[in-house]
Amino acid sequence: MKNKGQIVQIAKTRPYDPSQGRRSLVSLVVPVFNEQQSIGPFLDRIEAVFAPLAPTYSYEIIFVNDGSRDATEFAIRSRMQSDPRLGLVNLSRNFGKEAALSAGLDHIRGDACIPIDVDLQDPPELIPDMLKHWEQGALVVNAKRICRARDSWIKRTTASGFYSLFNAMADHQIPRDVGDYRLLDKQVVEVVCDMGERVRFNKALFSWVGFETAEVTFTRPERENGSSTWSYWRLWNFALDGIFSSTTAPLRVWTYAGGLLALMSFLYASAILLRTLIIGVDVPGYASTLILILLFGGLNLFAIGILGEYIGRIYSEVRERPLYVLRSVHKGWEKT
Ligand code: UDP
Ligand code: MG
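- An unreviewed UniProt entry annotates the chain as Glycosyltransferase family 2 protein originating from Roseobacter insulae.
- Under the Subcellular location (unreviewed entry) heading, UniProt states for the chain: "Membrane".

## Let's talk about the overall build of the chain
Part 1: Looking only at helices and strands, the chain has 10 helices and eight strands in total.
Part 2: With the C-alpha coordinates aligned to their principal axes, the bounding extent of the chain is approximately 95 × 45 × 40 Å.
Part 3: For the chain, with 336 residues in total, the buried portion stands at 42%.
Part 4: For the chain, the proportion of contacts with a sequence separation of at least 24, taken over those separated by at least 6, is 84%.
Part 5: Accessible surface, the chain as shown: approximately 18200 Å² in total, 60% of it carbon and sulfur.

## A short note on the coordination of the magnesium ion (ligand 2)
Part 1: Of the protein atoms, only Asp-119 (OD) and Gln-121 (OE1) coordinate the magnesium ion (ligand 2), at distances of 1.9 to 2.0 Å. Like Gln-121, Asp-119 is buried.

## Some thoughts on the layout of surface pockets
Once rolled over the atoms, a probe with the size of a water molecule shows which space is left empty.
Part 1: Taken as a whole, the second largest pocket holds about 680 Å³ of empty space.
Part 2: As for the second largest pocket, its lining consists of 22 residues, of which Phe-95, Arg-198, Val-199, Arg-200 and Asp-241 are closest to the centre.
Part 3: Looking at the lining of the second largest pocket, the elements with two or more residues in it are α3 (97-105), α8 (232-246) and α10 (286-319).
Part 4: Per element, the largest residue contribution to the lining of the second largest pocket is four residues, and it comes from α8.

## Regarding the site of ligand 1
Part 1: The environment of ligand 1 is made up of 18 residues, and the closest members are Glu-35, Asp-66, Asp-119, Gln-121 and Ser-228.
Part 2: Within the contact set of ligand 1, a nitrogen atom lies 2.6 Å away from a side-chain nitrogen or oxygen of Asp-66.
Part 3: Within the side chain of Arg-220, an N or O atom sits 3.5 Å from an oxygen atom of ligand 1.
Part 4: In the complex, 93% of the free accessible area of ligand 1, which totals 540 Å², lies under the protein chains.
Part 5: Split into classes, the residues belonging to the shell around ligand 1 amount to five nonpolar, five polar and eight charged.

## Digging into the side chain of Asn-142
Part 1: Locating Asn-142 in the fold gives a position in strand β5 (residues 140-147).
Part 2: Note on Asn-142: relative accessible area 5%, which makes it buried.
Part 3: Side-chain polar atoms of Asn-142 contact the side chain of Arg-182, separated by 3.1 Å.
Part 4: Apart from the residues within four sequence positions on either side, Asn-142 is in contact with Pro-175, Val-178, Tyr-181, Arg-182, Thr-213, Ala-214, Glu-215 and Val-216.

## A few points about the sheet that holds strand β7 (residues 213-219)
Part 1: Taken in spatial order, the eight strands line up as β7-β5-β6-β4-β1-β2-β3-β8 in an open sheet, and their pairing is mixed. Two strands close off the open sheet at either side, each with one partner strand: β7 and β8 (326-331). Each strand of the sheet is rotated relative to its neighbour by a mean of 20°, with strand direction disregarded.
Part 2: Relative to strand β2 (residues 57-65), strand β1 (residues 24-32) is paired through nine bridges, and the arrangement is parallel. Along β2, the bridge assignment pairs Val-30 with Phe-63.
Part 3: Set on the sheet, helix α6 (residues 186-194) makes contact with β4 (112-115), β5 and β6 (178-185); between it and β6 the angle comes to about 115°.

## Quick look at the pattern of salt bridges
Part 1: Counting across every chain of the model gives 16 salt bridges.
Part 2: A salt bridge links Glu-125 to Arg-45, with the shortest nitrogen-to-oxygen separation between them at 2.8 Å. Placement of Glu-125 in the loop between β4 and α4 (127-135) and of Arg-45 in helix α1 (residues 39-50) is noted, with a sequence separation of 80 residues between them.
Part 3: According to the relative accessible area criterion, Arg-45 is partly exposed, its value standing at 25%.
Part 4: For the salt bridge of Arg-85 with Glu-47, the shortest nitrogen-to-oxygen distance reads 2.9 Å. With Arg-85 in the loop between α2 (72-80) and β3 (86-91) and Glu-47 in helix α1, this residue pair connects regions lying 38 residues apart in the sequence.
Part 5: Through salt bridges with shared partners, one network takes in Lys-97, Asp-117, Asp-122, Asp-180 and Arg-220.

## Structural notes on unusual backbone geometry
Part 1: In this structure, Leu-120 takes a positive phi of about 65° despite not being glycine.
Part 2: The residue Leu-120 is located in the loop between β4 and α4 in this model.
Part 3: For Leu-120, a relative accessible area of 2% puts it in the buried group.
Part 4: Positive phi, close to 55°, is recorded for Glu-320, a residue that is not glycine.

## Notes on the environment of Lys-186
Part 1: With respect to the helices, strands and loops of the structure, Lys-186 is situated in helix α6.
Part 2: On the basis of relative accessible area, Lys-186 is assigned to the partly exposed category, the value being 27%.
Part 3: Each C-alpha atom, one on Lys-186 and one on Ile-114, is 10.0 Å from the other, the two residues being 72 residues apart in sequence.

Procedures and definitions
Residues numbered from 1 in each chain as written. Chains lettered and ligands numbered in written order. Predicted model: local features only at pLDDT ≥ 70, side-chain atom pairs only at ≥ 80, totals over all residues. Heavy atoms only, no water. UniProt positions renumbered as here; feature names shortened; annotations may be inferred. Helix = DSSP H or I, 4+ residues; strand = E, 2+ residues; numbered from the N terminus. Buried < 20%, exposed > 50% of the residue type's maximum accessible area, 1.4 Å probe, protein only. Contact = heavy atoms within 4.5 Å. Areas by Shrake-Rupley, 256 points an atom, 1.4 Å probe, with all protein chains shown as cover. Donors = N, O, S within 2.8 Å, 3.2 Å for Na, K, Ca; no water. 1 Å grid on protein atoms, 1.4 Å probe; cavity = no way out; pocket = protein on both sides within 12 Å on 5 of 7 lines; lining within 4 Å. Points joined across faces, edges and corners; volume = space filled by probe spheres on them. Near = heavy atom within 4 Å. Polar contact = N/O pair within 3.5 Å; in protein donor to acceptor, adjacent residues only side chain to side chain. Nonpolar A, V, L, I, M, F, W, Y, C, P; charged D, E, K, R; others polar. Pairing = 2+ DSSP bridges. Axes fitted to C-alpha atoms, helices over the stretch in contact; angles between N-to-C directions. Salt bridge = Lys/Arg side-chain N within 4 Å of Asp/Glu carboxyl O.

Shown next as structure tokens:
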């Protein structure tokens, strides 16, 4: 039975319990969109990282093919022939990385899960450290980027501005410079998968869950193959999704802004009335009238725009469409 948003008991499944006689299984969730050249190098690096961990850990990799139009699926399926640890979830079209990640999380079997990019910008060499923190009891281990020197000035500034704005307004803080690359205990994944929301901003969902959280740090390398599909326009919309799906402050601020402006207008109107009664009608006033009309017109439109941002997202939520549509699911481990 699905739990209704509550995990009451935390049953700790820690790595390698001899009494259970099995190694802990780590599930890597990898959304891929037109990444045919990246699959091979990615799998080789993962294999190299897990080889020394073999006595205590085994792994599976769930690729989520997010409507790729190149030979990504072919590349994955040819590796699947010889590797039963690989799984492939094909979506019916491109749903975007957030939805693809959710599709992957819905299919994991592991005791812990690590969402990771296929382009090797999330260095797999951090995984042993993450697992150490997990062994010590952390249910979430964030991978934080400490040096963004390789990002352009504009990307660094906008990213930093986003985190400040988000954390100033949101009900729950998100850690700065932590992407989707992190370790999540299966219990955390269960909670995240149970969240019904359609507008998904996984970073915020992952930290909303809470639990004991540890952190490892890294410097983000350049992409190994291919190129990023995130344009500034896409990032802007992603940031808006993040903010409007995790805040109510921009809605409520109008109560105070409106109240203050109404009070000031009342005072100003009283002053003008008094002046007219005492001095008489004063015709000039074109500039002040125009300024007030423009100011209030602009503020009204801005406030309506904010309302629109929320209403649009409420509309997506009430339609209750599924987050993604599956075309096919292939589980390498079920073939044998
Ligand atoms: N990705 C995806 N669907 C998309 C866009 C990207 O599944 O619509 C995947 C992509 O294949 C990669 C990861 O998400 O594994 C990160 O994408 P990218 O490297 O383009 O983003 P960046 O590193 O620039 O944030
Ligand atoms: Mg990338």
